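# Coordinates in review
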Amino acid sequence: MNPTIAGLIELQRIDDEIRTHKKQRDELAANLERLKKILTQMGSSLPEKRTRLAENERWSNDKRIELQADGERINNAKTKLVAVSRTKEYQAMTKELDNLRKKYGEDEAELQRLQTVITEFQTSVAAEEAKLAEIQSEVQREEASSAERLAELDKIIGAVAGRKNEIGEKLPKQIVTSYERILAKRDGVAVNAATMGSCTGCKMRVPPQTWVKIQMGKEIFQCANCQRYLFYTVQASQASMS
């Protein structure tokens, strides 16, 4: 096989390896970022719920004080009613007592409603605090494990990139430049096999005479359609037939 084609094949193999490691690294970083985003969202919503809980507790306390005052007013009205002897005054006191009882009932219902709301907020806040603590622990564990793995992947990527540079220095500069351009344009694949008379990258048929020469492996050929560098191996051909 032409040494330049062999070098290009090795460059592609190395770039595939780099891409695999980068994908792992990016997935780790993305997962960590996702957890941090959830943590931030939960952390921002929790203070608002705590504030609303505190407001409802304050309103409930005010309503309880008001209810107690209403009870005292009712007792005072009852005491006065017993001492009333004139009919007109009695009727007025009775009406006042009815109004106080009505207000007491309304305040009592409002207090019960507030207590229900408070219980719901307490349950929601407690659940969110527990979930927040759980995610915080998960983020801490993920950061600890990911930091080590990310450093390891960066080291691997650097070492593999070093091998790529070594091979690239042995190839003609214009070939390497062309390879990198195609790599960026064709989804990270600049070199692929030609099998059954076709480019495996874009499926374009190769002219018969060119196909014969590609199988001989002495010259450098590119697909006329996708520009990828083409090579032939028995193994690739057999794999495409199976």
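The present account deals with the structure reproduced in this document. (Residues numbered from 1 in each chain as written. Predicted model: local features only at pLDDT ≥ 70, side-chain atom pairs only at ≥ 80, totals over all residues. Heavy atoms only, no water.)

### Focus on unusual backbone geometry
The phi torsion at D187 lies on the positive side, around 55 degrees, for a residue other than glycine. Relative to the helices and strands, D187 is located in the loop between α3 (173-185) and β1 (191-195). Of note in this structure, M196 is not a glycine but carries a positive phi near 55 degrees. Mapped onto the secondary structure, M196 falls in the loop between β1 and β2 (198-199). (Helix = DSSP H or I, 4+ residues; strand = E, 2+ residues; numbered from the N terminus.)

### Topic: helix α2 (residues 87-169)
In a regular helix each residue adds 1.5 Å, so 83 residues correspond to 123 Å; α2 covers 116 Å between its end C-alpha atoms and thus fits that length. If you look at α2, its biggest bend is around 25 degrees, right at S146. (Expected span 1.5 Å × (residues − 1). Bend = angle between axes of the 7 residues up to and from the residue.)

### Considerations on α3
Taking 1.5 Å of rise per residue, the 13 residues of α3 would be expected to cover 18 Å, and the 19 Å separating its terminal C-alpha atoms lies within 8% of that figure. Those residues of α3 that are buried are in contact with α1 (3-83), α2, β1, β3 (221-222) and β4 (229-231). Downstream of α3 by one or two residues, D187 has phi in the positive range, about 55 degrees. (Contact = heavy atoms within 4.5 Å.)

### Quick look at the packing of α1 against α2
Taken N-terminus to C-terminus, the directions of α1 and α2 make an angle of 165 degrees; their axes are 3 Å apart at the nearest point. Between α1 and α2, the angle is such that the two are roughly antiparallel. The hand of the α1/α2 crossing is left-handed. For the contact of α1 with α2, the class distribution of residues is 37 nonpolar, 16 polar and 33 charged. (Axes fitted to C-alpha atoms, helices over the stretch in contact; angles between N-to-C directions. Parallel < 35°, antiparallel > 145°, perpendicular 65-115°, else oblique. Left-handed = near helix turned anticlockwise from the far one by under 90°. Nonpolar A, V, L, I, M, F, W, Y, C, P; charged D, E, K, R; others polar.)

### Description of the environment of S198
Position of S198 among the secondary structure elements: in strand β2. Sequence separation between S198 and A224 is 26 residues; the distance between their C-alpha atoms is 11 Å. The contact partners of S198, leaving out residues within four places of it in the chain, are A193, K203, M204, R205 and V206. A polar contact of 3.3 Å, which involves the side chain of S198, links it to the side chain of R205. (Polar contact = N/O pair within 3.5 Å; in protein donor to acceptor, adjacent residues only side chain to side chain.)

### Thoughts on the sheet that holds β3
With mixed pairing, four strands are arranged side by side in an open sheet as β2-β1-β4-β3. Looking at the sheet topology across the chains shown, the edges are occupied by β2 and β3. Alignment of β1 against β4, held across three bridges, turns out to be parallel. Bridge assignment links V191 to a residue of β4, and that residue is Y229. The strands that α3 touches are β1, β3 and β4; relative to β4, the one it contacts most, it runs at about 100 degrees. (Pairing = 2+ DSSP bridges.)

### Examining the pattern of salt bridges
Under the defined criterion, the tally for this structure stands at 21 salt bridges. A salt bridge links K63 to D107; the shortest N-O distance between them is 3.5 Å. You can see K63 sitting in helix α1 and its partner D107 sitting in helix α2, a full 44 residues away along the chain. Classification of D107 as buried rests on a relative accessible area of 6%. One salt bridge connects D107 with K103, and the closest N-O pair in it is separated by 2.9 Å. Here D107 and its partner K103 are both found in helix α2, four residues apart, which amounts to about one turn of the helix. (Salt bridge = Lys/Arg side-chain N within 4 Å of Asp/Glu carboxyl O. Buried < 20%, exposed > 50% of the residue type's maximum accessible area, 1.4 Å probe, protein only.)

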